[in-house]
Amino acid sequence: MEEWLEACFPPEVRSNRAERNHRFLEEALELAQANGCSRADALTLVDYVFGRPQGDPAQEVGGVMVTLASLCSAIDLNVDEAGDAELARNWDRIEAIRAKQRSKPHGSPLPQ
């Protein structure tokens, strides 16, 4: 994964915590939407999460990994295979990903 990140993004992009947070949240929301989560439920969860104390990043990463594996089990997907397939697909899309990155408004949570 690090090899792909280094090949695809300049250091200032791959190490930008706000940018990485936004892209992660975007992908998580797209996964939830693909599995039938409504906008109303997503917004309810946003209010719930941001109404609680901030968590510890290391513990939250663990929670994400366990929850993603559980979701994949529930929808009959292999989490490792899905990740490997997407990484392989993205190796072939580096130029398109770079172009999209360059065209984005900097500092915005929106991807374009």
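In this text the structure is predicted, and so the values were computed from the model without any measurement.

1. Digging into the environment of Cys-72
Turning to step 1, where the next piece is worked out: Locating Cys-72 in the fold gives a position in helix 5 (residues 57-74).
Turning to step 2, where the next piece is worked out: Cys-72 gets classed as buried once you look at its relative accessible area, which sits at 7%.
Turning to step 3, where the next piece is worked out: Between the C-alpha atom of Cys-72 and that of Ala-82, which follows or precedes it by ten residues, the distance is 9.2 Å.
Turning to step 4, where the next piece is worked out: Non-local contacts of Cys-72, meaning those with residues more than four positions away in its chain, are made with Leu-77 and Val-79.

2. Focus on the packing of aromatic side chains
Turning to step 1, where the next piece is worked out: Going through the model one piece at a time under the given rule, you end up with one aromatic pair.
Turning to step 2, where the next piece is worked out: A cation over a ring is seen here: Arg-20 above Phe-9, with NZ or CZ 5.1 Å from the ring centre.

3. A few points about the state of the cysteines
Turning to step 1, where the next piece is worked out: Scanning the model with the defined rule gives zero disulfides in all.
Turning to step 2, where the next piece is worked out: No disulfide involves Cys-37; its sulfur sits 16 Å from that of Cys-72, the nearest cysteine.

4. Focus: a nonpolar patch on the surface
Turning to step 1, where the next piece is worked out: Nonpolar side chains collect at one region of the surface, where Leu-43, Leu-45, Val-46, Tyr-48, Val-49 and Phe-50 lie side by side and expose about 630 Å² of accessible area between them.
Turning to step 2, where the next piece is worked out: Along the chain, Phe-50 turns up in helix 4 (residues 39-50).

5. Looking at the confidence of the model for the protein chain
Turning to step 1, where the next piece is worked out: With 99% of its residues at a pLDDT of 70 or more, the protein chain shows a mean pLDDT of 93.
Turning to step 2, where the next piece is worked out: Mean pLDDT values for the elements of the protein chain range from 87 in helix 7 (residues 94-103) up to 98 in helix 4.

6. Here's the deal with the pattern of salt bridges
Turning to step 1, where the next piece is worked out: This structure, assessed with the given rule, holds four salt bridges.
Turning to step 2, where the next piece is worked out: Among the ionic pairs, Glu-26 bridges to Arg-23, the shortest N-O distance being 2.8 Å. Residue Glu-26 and its partner Arg-23 are both found in helix 3 (residues 17-34); the two are separated by three residues, about one turn of the helix.
Turning to step 3, where the next piece is worked out: Take Arg-23: its relative accessible area is 14%, and that puts it in the buried class.
Turning to step 4, where the next piece is worked out: Across the pair Glu-95 and Arg-98 runs a salt bridge, and its minimum N-O distance is 2.8 Å. With Glu-95 and Arg-98 both in helix 7 and three residues apart, the pair spans about one turn of that helix.
Turning to step 5, where the next piece is worked out: Looking at Arg-98, the relative accessible area reads 27%, which means it is partly exposed.
Turning to step 6, where the next piece is worked out: Linked by salt bridges that have partners in common, Glu-19, Arg-23 and Glu-26 make up one network.

7. Considerations on helix 7
Turning to step 1, where the next piece is worked out: When helix 7 is considered as a whole, its buried residues turn out to be Ile-94, Ile-97 and Gln-101. For helix 7, the buried positions fall inside an angular range of 65° around the axis, keeping them on one side. Exposed side of helix 7, more than 90 degrees from the buried face: Glu-95, Arg-102 and Ser-103 are the residues found there.
Turning to step 2, where the next piece is worked out: Here the buried face of helix 7 lies against helix 1 (2-8), helix 2 (11-14), helix 3 and helix 6 (79-91).

Here is what the cut-offs are and how they apply
Residues numbered from 1 in each chain as written. Predicted model: local features only at pLDDT ≥ 70, side-chain atom pairs only at ≥ 80, totals over all residues. Heavy atoms only, no water. Helix = DSSP H or I, 4+ residues; strand = E, 2+ residues; numbered from the N terminus. Buried < 20%, exposed > 50% of the residue type's maximum accessible area, 1.4 Å probe, protein only. Contact = heavy atoms within 4.5 Å. Phe/Tyr/Trp six-rings, centres within 6.5 Å; stacked < 30°, edge-to-face > 60°. Lys NZ or Arg CZ within 6 Å of the ring centre and 35° of its normal. Disulfide = S-S within 2.5 Å. Patch = residues over 30% accessible without salt bridge, like charges linked within 9 Å, V, L, I, M, F, W, Y side chains within 5 Å. Areas by Shrake-Rupley, 256 points an atom, 1.4 Å probe, with all protein chains shown as cover. Salt bridge = Lys/Arg side-chain N within 4 Å of Asp/Glu carboxyl O. pLDDT = per-residue confidence, 0-100. Arc of directions from axis to C-beta.

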